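# Chains, contacts and geometry: an overview
Residue strings, one per chain:
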Amino acid sequence: MKPIQVGLLGIGTVGSGTFTVLQRNQDEIRRRAGRGIEISMVADLDTARAKAVVGDAAKVVGDAREIIANPDIDVVVELIGGYGIAKALVLEAIAAGKHVVTANKALLAVHGTEIFKAAAEKGVIVAYEAAVAGGIPIIKALREGLTANQIQWVAGIINGTTNFILSEMRDKGLDFDVVLKEAQRLGYAEADPTFDIEGVDAAHKATLMSAIAFGIPVQFDKAYVEGITKLSTADIKYAEQLGYRIKLLGITKRTDKGIELRVHPSLVPAKRLIANVEGAMNAVVVNGDAVGTTLYYGKGAGSEPTASAVVADLVDIARLHDADPAHRVPPLAFQSSSLAAAGGELPVLPMADVVTSYYLRIRVSDEAGVLAKITGILANAGISIDAVLQREADEVGGEGSTQTDLIILTHDTREGDMDRALAEIQGLPTVLAPINRIRKEELN
Ligand code: NDP
Ligand code: HSE
């Protein structure tokens, strides 16, 4: 059978990995796919750099639209990133009847509904395994391997950059900025690294997993997003003393009231496997009613790990290229006619309605009655305390210090109730700094 012809848009970190992996493993990939897969055209703004990567193996152009206009190209692989030109090119490729592979979680989390609809109308595939957790085949696992299950929750370390930063800060005591620069050098970080450190990238991925797990449309605008920039080494240290690790988790959960969709730093018991996922590694835990809890672990970022997922999508397309579109796996796992309407019977819950337990660090004057006042406010709000830890003032502020840190762990509480109690506690004259609140997830 004639090899399938691929046009690559953007040959940076992931694009060059995709080219290299396809070249290196082409014989085995052909045996698996049943036909060859050839990258015959590459577009990049920097054509000299692109030529240095591909040599004579593919035609290099500066204008991505030349690829879309070429009738010989069967599949367009978008590895540019962002919502701007990438969105226009993906929609144009679909309109031109090309299948699309993309690693662009930002684009799909925000514009997925429009893109999947356009693809369905044209009968083409939009494949995006690389968009979530890099090389881990989590989309395939959720969409196909776990298809028998009613998924209860999904929780994951789904941003390599922030996990790398948290690991290096904890293990080597390195500064945030130093580690971030290293993550950028290693090709883990997004073009705009605030997407990584403010939790936006993880929220893009959690949004996609939420849609696939529960059969709801992609609704990034409803996700709660909090990054790691407000974490301090003191919190990392106290968490350790209490038997927890702090991880940036993307969580989506089915509840009686609706779907939770949130990204924030979380205390996770140190004994859980996911708490021991270090560096740029990713891990996703999925709980299904039939299978129980399953864990998926691997490299979540970087050139060839991500290329592994891009090439897997290309193999799927090579196999399904000529199949009746009705026989393909739906892009969001559920048939499009069976997706719940946004805000319908499975609404994404506002953060105030999320129920979880908390770690609170409260900087207070080291004087009599302070603890009683704070625990009294929590009790009045119906918030039950699990544990209290008070540090020696000398340990916190140096010898002779009159300030100390009060660490409180709570049982499950509605976030809205916690917000009100914390506002009251923050107003106490003996509370000397903004309260640090980190949610706690037992994941059992
Ligand atoms: P890079 O910035 O390394 O590569 C993007 C490439 O696209 C660059 O070479 C860039 O050229 C080129 N480009 C920009 N605009 C155009 C255009 N109009 N036409 C053609 N080429 C263009 O990004 P990554 O490879 O890291 O990321 C690509 C995608 O993969 C993103 O969506 C990202 O979120 C996703 N992703 C990345 C992972 C990673 O580990 N890096 C992992 C998983 C997903 P120039 O440099 O000259 O601007
Ligand atoms: N910037 C992302 C990360 C790349 O650090 O995980 C992989 O999606």
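In the block above lies the structure referred to throughout.
Residues numbered from 1 in each chain as written. Chains lettered and ligands numbered in written order. Predicted model: local features only at pLDDT ≥ 70, side-chain atom pairs only at ≥ 80, totals over all residues. Heavy atoms only, no water.

### Section: the overall build of the chain
To be explicit about the condition: Runs of H or I in DSSP of at least four residues are treated as helices and runs of E of at least two as strands, each being numbered from the N terminus. Relative accessibility under 20% of the residue-type maximum defines a buried residue, over 50% an exposed one, and the middle range a partly exposed one, all with a 1.4 Å probe and only protein chains included. Contact definition: two residues touch when any of their heavy atoms are within 4.5 Å. For the accessible areas, the method is Shrake-Rupley and the probe is 1.4 Å, while residue cover comes only from the protein chains on display.
Looking only at helices and strands, the chain features 16 helices and 17 strands. In terms of overall dimensions, the chain has C-alpha extents of about 80 × 45 × 35 Å along its principal axes. Sorting the 444 residues of the chain into buried and exposed places 55% on the buried side. At a minimum sequence separation of 6, the contacts of the chain that also span at least 24 residues come to 73%. For the chain, the accessible surface area stands at approximately 18400 Å², while carbon and sulfur atoms represent 50% of it.

### Side note on unusual backbone geometry
Phi angles above zero are rare outside glycine, and Ala133 is one such case at about 60°. Secondary-structure assignment places Ala133 in the loop between β6 (126-127) and α7 (138-145).

### Structural notes on a nonpolar patch on the surface
The line we're drawing: Residues enter a patch when their relative accessible area is above 30% and they make no salt bridge; the linking distance is 9 Å between like charges and 5 Å between nonpolar side chains (Val, Leu, Ile, Met, Phe, Trp, Tyr). We count a salt bridge whenever a side-chain nitrogen from Lys or Arg sits within 4 Å of a carboxyl oxygen from Asp or Glu.
A cluster of nonpolar residues, Leu273, Leu295 and Tyr297, forms a patch on the protein surface that exposes about 330 Å² of accessible area. Looking at where Leu273 falls in the secondary structure, it is placed in the loop between β10 (259-269) and β11 (281-288).

### Some remarks on the pairing of strand β12 (residues 292-299)
Using the following cut-off: When DSSP finds at least two bridges between two strands, those strands are taken to pair.
In this structure, β11 lies alongside β12, joined through 8 bridges in antiparallel fashion. Within β12, the position partnered with Val285 by the bridge is Leu295. Between the antiparallel neighbours β11 and β12 lie 3 residues.

### So, the pattern of salt bridges
Within this structure, the stated rule accounts for 37 salt bridges. With its nearest N and O atoms 3.1 Å apart, the salt bridge here joins Glu190 to Lys105. Residue Glu190 is found in the loop between α9 (176-185) and α10 (194-197), and its partner Lys105 is found in helix α6 (residues 105-122); the two are separated by 85 residues along the sequence. The class for Glu190 is partly exposed, based on a relative accessible area of 25%. A relative accessible area of 12% places Lys105 in the buried class. In this structure, Asp405 engages Arg363 in a salt bridge whose closest nitrogen and oxygen atoms are separated by 2.7 Å. Here the residue Asp405 occupies a position in strand β15 (residues 403-410), and Arg363 occupies one in strand β13 (residues 355-365), the gap between them amounting to 42 residues.

### Focus on the pairing of strand β7 (residues 151-157)
Among the 7 residues of β7, 6 are classified as buried, and the element is accordingly described as predominantly covered. Relative to β11, β7 runs antiparallel, the two being bridged by 6 bridges. Each residue of the ladder has a partner; that of Val154, found in β11, is Val286. Relative to strand β9 (residues 244-254), β7 runs antiparallel, the two sharing 4 bridges. Residue pairing in the sheet places Val154 in a bridge with Thr252 of β9.

### Looking at the sheet that holds strand β4 (residues 75-78)
The parallel open sheet is built from 6 strands, whose spatial order is β3-β2-β1-β4-β5-β6. The open sheet terminates on both sides in strands that have one partner only, identified here as β3 (59-61) and β6. Of the pairings in the sheet, the one linking strand β1 (residues 4-9) to strand β2 (residues 37-43) comprises 6 bridges and is parallel in character. By the bridge assignment for β2, Gln5 is matched with Glu38.

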